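Residues per chain are reported as follows:
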Amino acid sequence: MYPTLRAYSVHMFTATGAVFSMLAMLAAVEGKWSLMFLWLVVAFIVDGIDGPLARRFDVKGRAPIIDGSLLDLIIDYLTYVFIPAFALFQSGLLPGWTGWLAIILITFASVLYFADTRMKTNDNSFSGFPACWNMVAVVVFATRPDFLIILALVVILSVAMFYPVKFIHPVRTARWRLVSLPVAVIWTGLAGWAAWTDFAQPQWVTVALILTSVYLLAAGAVQQASEPASRSAAREPRFWRRR
């Protein structure tokens, strides 16, 4: 009885991400971008913890009534895609037609990517950019680049979702995990710091946020480039869930 209850408790823990996404959306509607990102960081932390818990407590076998993978995907689309896209549009960082183009690209391409049956590679990396627009948005808010740079980034990453290049999963990709996992933790702390200070963070925090973001974006491609040709095929022909 206790193992089953514990397994369902993991589902309940995952479901809190929906609550945090609603709190983030309410903050976004009021233009409270710092508060929005703080809630998204909390949801990001939940998303980083629930997968290992699900595997540790055999959620799939002990709590099969709830589809944890589907639950995870629904919440991820809200927190990784929908709310960050709204923030980029509504904040004025992308004026006029550029904002419309960005939200159309982000939401349309991302929902197709989430449904792609080949999005995970054999080493538990992602094939293509994994639609982590929450991470992109917080860096954009922290650095405030020119709107053309933001638009170019949106276009490039939208295309990259369907290009067979690897992007690491900091927890599940075994290669370089001793570096990748601490970098992801540091990135989360820096993002939270930037949001907490209403994006008036010290310059070193901004630089560190950029550097850790570059690592998380580029590590998979570097790994892929150094693999034998027989192992570097990015897409795996099997169904995948984010957990």
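Report follows, based on the coordinates. (Residues numbered from 1 in each chain as written. Predicted model: local features only at pLDDT ≥ 70, side-chain atom pairs only at ≥ 80, totals over all residues. Heavy atoms only, no water.)

## Re a nonpolar patch on the surface
On the surface, Trp100, Ile104, Phe108, Val111, Leu112 and Phe162 cluster together to form a nonpolar patch covering roughly 630 Å² of accessible area. Within the element layout of this structure, Phe108 appears in helix α5 (residues 97-114). Residue classification places Phe108 among the exposed positions, given a relative accessible area of 56%. (Patch = residues over 30% accessible without salt bridge, like charges linked within 9 Å, V, L, I, M, F, W, Y side chains within 5 Å. Areas by Shrake-Rupley, 256 points an atom, 1.4 Å probe, with all protein chains shown as cover. Salt bridge = Lys/Arg side-chain N within 4 Å of Asp/Glu carboxyl O. Helix = DSSP H or I, 4+ residues; strand = E, 2+ residues; numbered from the N terminus. Buried < 20%, exposed > 50% of the residue type's maximum accessible area, 1.4 Å probe, protein only.)

## Looking at the layout of surface pockets
Roughly 940 Å³ of internal volume is contained in the largest pocket. Contributing to the lining of the largest pocket are 44 residues, with Phe44, Cys132, Met135, Pro170 and Leu216 lying nearest its centre. Of all the secondary-structure elements, those providing two or more residues to the lining of the largest pocket are α2 (33-56), α4 (68-90), α6 (133-143), α7 (147-160), α8 (177-196) and α9 (203-225). Top element by residues in the lining of the largest pocket is α2. It accounts for 9 residues. Class assignment of the residues belonging to the lining of the largest pocket gives a composition of 30 nonpolar, 6 polar and 8 charged. (1 Å grid on protein atoms, 1.4 Å probe; cavity = no way out; pocket = protein on both sides within 12 Å on 5 of 7 lines; lining within 4 Å. Points joined across faces, edges and corners; volume = space filled by probe spheres on them. Nonpolar A, V, L, I, M, F, W, Y, C, P; charged D, E, K, R; others polar.)

## Focus: unusual backbone geometry
The phi torsion of most residues other than glycine is negative, and most of the peptide bonds are trans. Its identity is not glycine, yet Arg144 carries a phi of approximately 50°, on the positive side. Along the chain, the position of Arg144 falls in the loop between α6 and α7. Given the relative accessible area of 46%, Arg144 is considered partly exposed.

## Re the environment of Phe147
Topologically, Phe147 is positioned in helix α7. Under the relative-accessibility criterion, Phe147 is labelled partly exposed at 30%. Remark: the alpha-carbon pair of Phe147 and Leu93, spanning 54 residues in sequence, is separated by 6.1 Å. In this view, Phe147 contacts Leu93, Leu94, Pro95 and Thr98; residues no more than four positions away in its chain are not counted. (Contact = heavy atoms within 4.5 Å.)

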